[in-house]
Amino acid sequence: MNFDVMRLIAALLVVVSHTFPLAGQPALTIRGVEDLGALGVSVFFVISGYLVAASYVRDPKSYLLKRVLRIEPGLIASLVVTVGLLSFVTTAPQAEYWRAGALYIVRNALLYPATYELPGVFQGLAMAGVVNGVLWTLRLEFTFYLVLWAIRARLPLVLALLGACTAVFVVMSFTHPHWADDRVTRIAFLAARNGLLFFAGAAVQLLGWRIPVWLGAGSAVAFPFVGPLALPTAVLGLARPGKLPADLSYGVYIYAFPLQQLLAAYGQLNVATAVLAVVPFALMSWFLVERPALKLKPGSRPAW
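Quick caveat, the model's predicted, so the values are computed rather than measured. (Residues numbered from 1 in each chain as written. Predicted model: local features only at pLDDT ≥ 70, side-chain atom pairs only at ≥ 80, totals over all residues. Heavy atoms only, no water.)

Student: Hey, could you run me through helix α2 (residues 36-58) in this one?
Tutor: Residues spaced three or four apart along an α-helix point in a common direction, a consequence of the helix completing one turn every 3.6 residues. Helix length check: α2, at 23 residues, gives a terminal C-alpha distance of 33 Å against a target of 33 Å (1.5 Å per residue), a fit within 8%. For α2, a buried count of 20 out of 23 residues is recorded, marking the element as mostly surrounded by other parts of the structure. The distance from a side-chain oxygen at the start of α2 to the backbone nitrogen of Gly37 is 3.1 Å, and the residue carrying that oxygen is Asp35. (Helix = DSSP H or I, 4+ residues; strand = E, 2+ residues; numbered from the N terminus. Expected span 1.5 Å × (residues − 1). Buried < 20%, exposed > 50% of the residue type's maximum accessible area, 1.4 Å probe, protein only. Polar contact = N/O pair within 3.5 Å; in protein donor to acceptor, adjacent residues only side chain to side chain.)

Following this line, the structure appears as C-alpha cells:
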C-alpha cells in the first residue's frame, strides 16, 4: 500500500480508538496490540520522518515553507470551522464565546500556546471540556520539523537523536509504567517515543535504505511483542510508491475529535457515525484548503 493509504488507515485507527472513551464506554483493546490511537499516531510519525527528510534533501531552502503550507492552512480552517460550528451548542453568552473562540483559533494556529477548551462546550461529557484532543501531536510534529531543519538533516546527528530517544523510551517504559500520571513524565515519554519513530524514518531515508517486504511483514508480526521498536521497519517495509487522488488523512485527523464530541453530546456517537460525520469535512479540507495550499509549494508533490 502507498503512504496515502497508510496515513488514512492510521487516521481512522485514531477515530476508532477515541470513539469508545468519548462515548463513555470502556476503551477498545485488542490482545497483544497497544492502543489503536497510539498505533495510528506512531504510523504518522514514521512516515513523516521519512518523507520530510527527503523534502529537506531535495530543497533545504524551501523546507520550512513546505512544512508550514502542509500543516497550517488545513489546521487554521479546521479551527475556524470548529469555533463556528460549536457556537450553536455553547451554553456560554455569545460575546464571551466568540472572544474565547478567537483566542482558541490564534493559540492553536501558533501550535505552542495550544488550548483545548471553549466556554460552555462539552462540559457534561465523558471527556469534559476538551474540544480537540489531538492538537498536541501537531505541536510535537512541527517541533521535529524544526529540529531536523536546525541540524540540517545531518545523518550522524539524526542517528544520535534516534539513539537518545530510543534510550529514554526504553528506560522509561520499565522505570515509569505510570508515565501518564505526571505532566513532566508524560511529555518526556511521548517526546521520546514519537521522536524515535520520526528520526528512525528520517534515518532510513538519509541512509538510502529500502526495507524489504519480508522484513516489513516480519516487523508487523513482531509489533505486538516489541511495540514501537518494530514500527519503522514495519511501516517502511510495507509501503510502496504511489498516492491517492485525494489525501484525506489530515482532514480526518484534525476534524474527527470535535465531531465525535458533538455526536457524543447528542448520544449518537459510535464508529459508524464518527466516520460518516468526518468524511465530508475531510473532503472539503482536501479540495478547498489543503490541495490549493500544496500548489503553492515550490516543486510538485512527489509520488514516493
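Student: Please explain the side chain of Arg193 as it appears in this structure.
Tutor: Tracing the backbone through its elements, the reader meets Arg193 in helix α7 (residues 183-207). For Arg193, the side chain forms a polar contact with the side chain of Ser42, separated by 2.5 Å. When neighbours within four sequence positions are excluded, Arg193 is seen to be in contact with Glu34, Ala38, Ser42, Phe169 and Pro228. (Contact = heavy atoms within 4.5 Å.)

Student: Please explain the environment of Phe88 as it appears in this structure.
Tutor: By secondary structure assignment, the location of Phe88 is in the loop between α3 (63-86) and α4 (94-109). In the structure, Phe88 is positioned 33 residues away from Val121 in sequence and 9.8 Å away in space, judged by C-alpha atoms.

Student: Before we go on, may I ask you to explain the pattern of salt bridges in this structure?
Tutor: Between side chains of opposite charge, a pair can form as their charged atoms come close. Under the defined criterion, the tally for this structure stands at four salt bridges. Arg7 serves as the salt-bridge partner of Asp4, at 2.7 Å between the closest nitrogen and oxygen. With Asp4 and Arg7 both in helix α1 (residues 3-22), this residue pair falls three residues apart, about one helical turn. Just as Asp4 is buried, Arg7 falls in that class too. In this structure, the salt-bridge partner of Arg70 is Glu290, at a minimum N-O distance of 3.0 Å. Within this pair, whereas Arg70 is found in helix α3, its partner Glu290 is found in helix α11 (residues 271-294), the two being separated by 220 residues in sequence. The class of Arg70 is buried, set by a relative accessible area of 17%. (Salt bridge = Lys/Arg side-chain N within 4 Å of Asp/Glu carboxyl O.)

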